[in-house]
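Summary of the model geometry
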Amino acid sequence: MGNESKTPPPPAAAKNTKNPKKTNLLDHHSLKNVLDESVTEIVTSRGYVEDVRLSNIRLLLGTIVIIIALVAQFYPKKFPENRNYVIVNGLLQLIVYTKEKNAILFTYPPPGSFDRTGLIVSSKLPRFSDMYTLSIASAEPKSISAKKPVEFTKSITKWFTKDGVLVEGLFWKDVEGLIDDYNKEKKTK
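For clarity, every value in this text was computed on a predicted model and none was experimentally measured.

Considerations on the pattern of salt bridges
Scanning the model with the defined rule gives eight salt bridges in all. Between Lys32 and Asp36 there is a salt bridge; the shortest N-O distance is 2.6 Å. Residue Lys32 and its partner Asp36 are both found in helix α2 (residues 28-45); the two are separated by four residues, about one turn of the helix. Taken individually, Lys32 and Asp36 each receive the classification buried, so the pair is uniform in this respect. Where Asp174 meets Lys154, a salt bridge forms, and the shortest distance between an N and an O atom there is 3.2 Å. Of the two residues, Asp174 is situated in helix α5 (residues 168-183) and Lys154 in strand β4 (residues 150-155); the sequence distance between them amounts to 20 residues.

Looking at the sheet that holds strand β1 (residues 103-106)
What the four strands build is an open sheet, ordered β1-β2-β3-β4; its pairing is antiparallel. Strands at the two margins of the open sheet, each flanked by one partner only, are β1 and β4. Sheet twist, expressed as the average angle between the axes of neighbouring strands with direction ignored, equals 15°. Bridge analysis of strand β2 (residues 119-124) against strand β3 (residues 131-138) gives six bridges, and the strand direction is antiparallel. Residue pairing across strands places Leu119 opposite Ser138, the latter belonging to β3.

Considerations on unusual backbone geometry
Residue Phe128 is not a glycine yet carries a positive backbone phi of 65°. Along the chain, the position of Phe128 falls in the loop between β2 and β3.

As for the environment of Ile57
Along the chain, Ile57 falls in helix α3 (residues 53-74). On the accessibility criterion, Ile57 (41% relative accessible area) is partly exposed. Taking the C-alpha atoms as reference points, Ile57 and Ile95, separated by 38 residues in sequence, lie 9.4 Å from one another.

Let's talk about the packing of α2 against α5
Two packed helices can be described by the angle between their axes and the distance between those axes. Packing of α2 against α5 brings their axes to within 10 Å, and their N-to-C directions diverge by 55°. Between α2 and α5, the interaxial angle falls into the category oblique. Once α2 is placed against α5, the crossing between them reads as right-handed. Residues Leu35, Ser38, Val39, Glu41, Ile42, Val43 and Ser45 of α2 form the contact with α5, whose participating residues are Glu168, Phe171, Trp172, Val175, Glu176 and Ile179.

Quick look at the packing of aromatic side chains
All told, the structure shown has four aromatic pairs when counted by the stated rule. Pairing Tyr132 with Trp159 gives two aromatic rings, centres 6.0 Å apart and planes at 90°, and the pair type is edge-to-face. Here the residue Tyr132 occupies a position in strand β3, and Trp159 occupies one in the loop between β4 and α5, the gap between them amounting to 27 residues. Accessibility classification places Tyr132 together with Trp159 in one group, the buried group. One aromatic cluster is present, built from ring pairs that chain together Tyr132, Phe152, Trp159 and Phe171.

So, the confidence of the model for the chain
Within the chain, residue pLDDT values average 81, and 83% of them lie at 70 or more. Confidence, expressed as mean pLDDT per element, reaches its minimum in the chain at helix α1 (residues 12-15) with 40 and its maximum at β4 with 94.

Let's talk about the nonpolar core
With 25 residues, the main nonpolar core has Tyr132, Trp159 and Phe171 as its most contacted residues. Looking at this core, the elements with two or more residues in it are α2, β2, β3, β4 and α5. Looking at which element gives the most residues to this core, the answer is α2, with six residues. Those residues within four positions of Trp159 in sequence are excluded, and the remaining contacts are Leu35, Tyr132, Phe152, Lys154, Val165, Leu166, Val167, Leu170, Phe171 and Asp174. With 10 residues, the next largest nonpolar core counts Leu61, Val65, Ile68 and Ile120 among its residues.

The rules behind the values
Residues numbered from 1 in each chain as written. Predicted model: local features only at pLDDT ≥ 70, side-chain atom pairs only at ≥ 80, totals over all residues. Heavy atoms only, no water. Salt bridge = Lys/Arg side-chain N within 4 Å of Asp/Glu carboxyl O. Helix = DSSP H or I, 4+ residues; strand = E, 2+ residues; numbered from the N terminus. Buried < 20%, exposed > 50% of the residue type's maximum accessible area, 1.4 Å probe, protein only. Pairing = 2+ DSSP bridges. Axes fitted to C-alpha atoms, helices over the stretch in contact; angles between N-to-C directions. Parallel < 35°, antiparallel > 145°, perpendicular 65-115°, else oblique. Left-handed = near helix turned anticlockwise from the far one by under 90°. Contact = heavy atoms within 4.5 Å. Phe/Tyr/Trp six-rings, centres within 6.5 Å; stacked < 30°, edge-to-face > 60°. pLDDT = per-residue confidence, 0-100. Core = buried A, V, L, I, M, F, W, Y, C linked by side-chain atoms within 4.5 Å.

Structure (structure tokens):
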């Protein structure tokens, strides 16, 4: 039967559809992770490029801590004399505490923009709570081009179905609204 008709290929729009993001509604960390990954996608889709310098510094310091710990394991002296591990690990924790805090994304300014600072996108989802807080602030708050930080706090129950699938359209709308609020220029009289 060589005359069988072949089904036409799916339209281009159908090829670009992604698998829905599904998570366990009872797992707090899984919920926050899905939301944070989506926020990163949304912000980068708006032209902001991720700044990974701080992550690279953390990786370098973490590697140094591991090397020092390996050397200290086989070093003939006991703990008080080989405390380099504690010093470098303390430096790593200081960076996390002072610079990162709840940040999920650091960005450069968008190409072609007059802004000279990127963004720091932070999120919080307290344990045993459904209230997700997302905030956007300038990466350099003391800069002249820095804008006022913006945030929203909303219940995550409106973004997930009862089966744990993220309703991305609603979430994108909320996050893009927050980005637009941040990017609004100050009106002068």
